[in-house]
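Below, each chain spelled out in residue letters.
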Amino acid sequence: MILVPDTFSTSRALLCCFAIVLAACTNDGQRIYQGYAEGEYVRVAAPFSGTLEVLSVKRGAQVKAGDPLFTLEQENEAAARREARERLQNAEAQLSDLRKSKRPSEIEAVQAQLAQAEATAQFSQTQLRRVEELVAQNFVSKDRLDEARATYDRDTQRVAELKALLATARLAARPDEIRAAEHSVGAAKAALAQAEWKLDQKSVKAPVAGLVQDTYFVHGEWVNANQPVVSLLPSENIKVRFFVEQGRLGAVRIGQKLAVSCDGCAAPVAAEVSFISPQAEFTPPVIYSRQERAKLVFLIEARPAPDDAAKLHPGQPVEVKFVP
């Protein structure tokens, strides 16, 4: 999901009309500054393109963080996830097979061969003893003794060979083969996680709670990657902008309390100064007399509490007064 923050854009003429300090005073001598409310919008987009299948919200609706906003077609991503899941299962099966010994029937076959070889070796040993007795009595030649010894040695080595094969059959695969299979499983898990992430990005949820300010597409339209589909306005993203003349700038500080009044507001909205522009601007001539046109003003931004900010609307004119 792609979040594209946006600031409420106002024409130069509107800025001149609403964002200027008027030289008005209350009955108690308190200076009142004219300003306007502004919103910083959160434009929500998907990082992948696709046809808009579901638009879950409408303009003017309130959403909570985590509420579904829209869904793009996701057949390709769903197929990729199925493929990644199958690859992971295959890699896990291969690893499990390498960690096991041979099948019981294969082990039983080696055991049978070993028993046969042991019986043969035992017979060769008996034959060797008989030949040794006969040679001692000069009944047979020494060549016959050499032959009997060679046969016994051969059968004994065959027993040792089968014992080694039986021990190997009861073991798992070699450690390097198991490590290679483990790496394959890790790679398959990473591929599955990536496929699931791509699929999730096609179903976009609200990153923050706020007002659905606008929707830019309807069902069936093609949406390019990173192209906003829904614009949200969180209440904490509403701020007040006004201008202070340079002669009074030294008395303004970050965190200073303000009272913001607007048409239709039952009571002033409390706010705090959050930004003081480091650059001066010339007073627009549409408001001030010729004697005041050369005055410099500085932009001031203030933010109400989220609950109070919901009472203001972007573009709405307001009156700002510093709280002693």
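Computed from a predicted model, the values in this text were never measured in an experiment.

Peer 1: Looking at this structure, I do not really get the overall build of the protein chain. What am I missing?
Peer 2: Across its full length, the protein chain holds six helices and 15 strands. Per-residue burial over the protein chain gives 35% buried out of 324 residues. For the protein chain, the accessible area works out to roughly 19200 Å², and carbon and sulfur atoms hold 51% of it.

Peer 1: How should I be thinking about the pairing of strand 15 (residues 317–322) in this particular structure?
Peer 2: Each regular strand displays side chains that alternate between the two surfaces of the sheet. Burial along strand 15 is one-sided: Val-318, Val-320 and Phe-322 are buried, while Pro-317, Glu-319 and Lys-321, pointing the other way, are not. Judged from the five bridges that link them, strand 3 (residues 31–45) and strand 15 form a sheet pairing that is antiparallel. Residue pairing across strands places Tyr-36 opposite Pro-317, the latter belonging to strand 15. When strand 12 (residues 257–261) meets strand 15, the two strands line up antiparallel, connected through four bridges. Counterpart to Val-260 in the pairing with strand 15 is Val-320.

Peer 1: Please clarify how the state of the cysteines should be interpreted in this entry.
Peer 2: Two cysteines, two sulfur atoms, one covalent bond between them: this is a disulfide. A complete count under the given rule lists one disulfide for this structure. Across the disulfide, Cys-262 is cross-linked to Cys-265 (sulfur-sulfur distance 1.6 Å). Residues Cys-262 and Cys-265 are joined through a disulfide that is right-handed, its torsion about the S-S bond being 40°.

Peer 1: What's the story with the sheet that holds strand 7 (residues 203–205) in this structure? I'm lost.
Peer 2: Strand pairing in a sheet relies on backbone hydrogen bonds. The paired strands run either parallel or antiparallel. Strands sit in the order 7-6-4-9 across an open sheet of four strands; the sheet is antiparallel. Two strands close off the open sheet at either side, each with one partner strand: strand 7 and strand 9 (222–223). Two elements, strand 4 (residues 50–55) and strand 9, share two bridges in a ladder whose sense is antiparallel. Considered in strand 9, the bridge of Thr-51 is made with Trp-222.

Peer 1: Is there a simple way to think about the pattern of salt bridges in this case?
Peer 2: Any two side chains of opposite charge can pair, given that their charged atoms come close. A complete count under the given rule lists 19 salt bridges for this structure. Put simply, Glu-38 and Arg-241 hold a salt bridge, and the shortest N to O gap is 3.2 Å. You can see Glu-38 sitting in strand 3 and its partner Arg-241 sitting in strand 11 (residues 238–245), a full 203 residues away along the chain. Taking relative accessible area as the criterion, Glu-38 reaches 2% and is therefore assigned buried.

Peer 1: Looking at this structure, how should I read helix 5 (residues 175–200)?
Peer 2: A turn of α-helix holds 3.6 residues, and therefore any two residues three or four places apart point the same way. Across its 26 residues, helix 5 extends 37 Å between first and last C-alpha, which sits within 8% of the 38 Å expected from 1.5 Å per residue. Listed in full, the buried residues belonging to helix 5 are Ile-178, Ala-181, Val-185, Ala-188, Leu-192, Ala-195 and Leu-199.

Peer 1: Looking at this structure, how should I read the side chain of Arg-31?
Peer 2: Of note, Arg-31 is situated in strand 3. Polar contacts involving the side chain of Arg-31 include one to the side chain of Glu-245, which spans 3.0 Å.

Peer 1: I keep staring at the nonpolar core and nothing clicks. Help me out?
Peer 2: Burial of nonpolar side chains together is a common tendency in soluble globular proteins. Counting residues in each nonpolar core, the largest one holds 24 residues, and the members touching the most others are Phe-242, Leu-258, Val-320 and Phe-322. Every element with two or more residues in this core is listed here: strand 3, strand 11, strand 12, strand 13 (269–282), strand 14 (296–304) and strand 15. When residues of this core are assigned to their parent elements, the largest contribution, four residues, is made by strand 11. If sequence neighbours within four positions are ignored, Val-320 has contacts with Arg-31, Ile-32, Tyr-33, Val-240, Phe-242, Leu-258, Ala-259 and Val-260.

Peer 1: How should helix 3 (residues 104–136) be read in this particular structure?
Peer 2: With 33 residues, helix 3 ought to run about 48 Å at 1.5 Å a step, and its terminal C-alpha atoms sit 48 Å apart, in line with that. Within the sequence span of helix 3, burial applies to Ile-107, Val-110, Leu-114, Ala-117, Ala-121, Ser-124, Leu-128, Val-131 and Val-135. Asn-138 occupies a position one or two residues after helix 3 and carries a positive phi of about 60°.

Peer 1: Please explain unusual backbone geometry as it appears in this structure.
Peer 2: Leaving glycine aside, a negative phi is the common case for residues, and trans is the common case for peptide bonds. One non-glycine residue, Asn-226, lies in the positive phi region at around 65°. Note on Asn-226: relative accessible area 42%, which makes it partly exposed.

Peer 1: Before we go on, may I ask you to explain the packing of aromatic side chains in this structure?
Peer 2: A ring pair, where both rings are aromatic, is described by two values, the distance of the centres and the angle of the planes. All chains considered together, the criterion is met by four aromatic pairs. Between Tyr-33 and Phe-322, the aromatic rings sit 5.8 Å apart at their centres with planes inclined by 85°, giving edge-to-face as the arrangement. With Tyr-33 in strand 3 and Phe-322 in strand 15, this residue pair connects regions lying 289 residues apart in the sequence. This pair shows no difference in class: Tyr-33 is buried, exactly as Phe-322 is. Between Phe-48 and Trp-197, the ring centres sit 5.8 Å apart and the planes meet at 80°, which makes this aromatic pair edge-to-face. One end of the pair, Phe-48, is in the loop between strand 3 and strand 4; the other, Trp-197, is in helix 5, with 149 residues separating them in the sequence. Taking relative accessible area as the criterion, Phe-48 reaches 22% and is therefore assigned partly exposed. Linked through ring pairs, Tyr-33, Phe-242 and Phe-322 together constitute an aromatic cluster.

Peer 1: Sorry, what's going on with the packing of helix 2 (residues 75–99) against helix 5 here?
Peer 2: Describing two packed helices takes the angle between their axes plus the distance from one axis to the other. Viewed as axis vectors pointing N to C, helix 2 and helix 5 meet at an angle of 165°, and their least axial separation amounts to 8 Å. Taken together, the axis directions place helix 2 and helix 5 in an arrangement best described as roughly antiparallel. Here helix 2 runs over helix 5; the crossing is left-handed. Here the residues of the contact of helix 2 with helix 5 are counted per class, giving 15 nonpolar, one polar and 11 charged.

Each value, and the rule that gives it
- Residues numbered from 1 in each chain as written.
- Predicted model: local features only at pLDDT ≥ 70, side-chain atom pairs only at ≥ 80, totals over all residues.
- Heavy atoms only, no water.
- Helix = DSSP H or I, 4+ residues; strand = E, 2+ residues; numbered from the N terminus.
- Buried < 20%, exposed > 50% of the residue type's maximum accessible area, 1.4 Å probe, protein only.
- Areas by Shrake-Rupley, 256 points an atom, 1.4 Å probe, with all protein chains shown as cover.
- Pairing = 2+ DSSP bridges.
- Disulfide = S-S within 2.5 Å.
- Salt bridge = Lys/Arg side-chain N within 4 Å of Asp/Glu carboxyl O.
- Expected span 1.5 Å × (residues − 1).
- Polar contact = N/O pair within 3.5 Å; in protein donor to acceptor, adjacent residues only side chain to side chain.
- Core = buried A, V, L, I, M, F, W, Y, C linked by side-chain atoms within 4.5 Å.
- Contact = heavy atoms within 4.5 Å.
- Phe/Tyr/Trp six-rings, centres within 6.5 Å; stacked < 30°, edge-to-face > 60°.
- Axes fitted to C-alpha atoms, helices over the stretch in contact; angles between N-to-C directions.
- Parallel < 35°, antiparallel > 145°, perpendicular 65-115°, else oblique.
- Left-handed = near helix turned anticlockwise from the far one by under 90°.
- Nonpolar A, V, L, I, M, F, W, Y, C, P; charged D, E, K, R; others polar.

Note that all results are geometric; they support no functional claim without further evidence.
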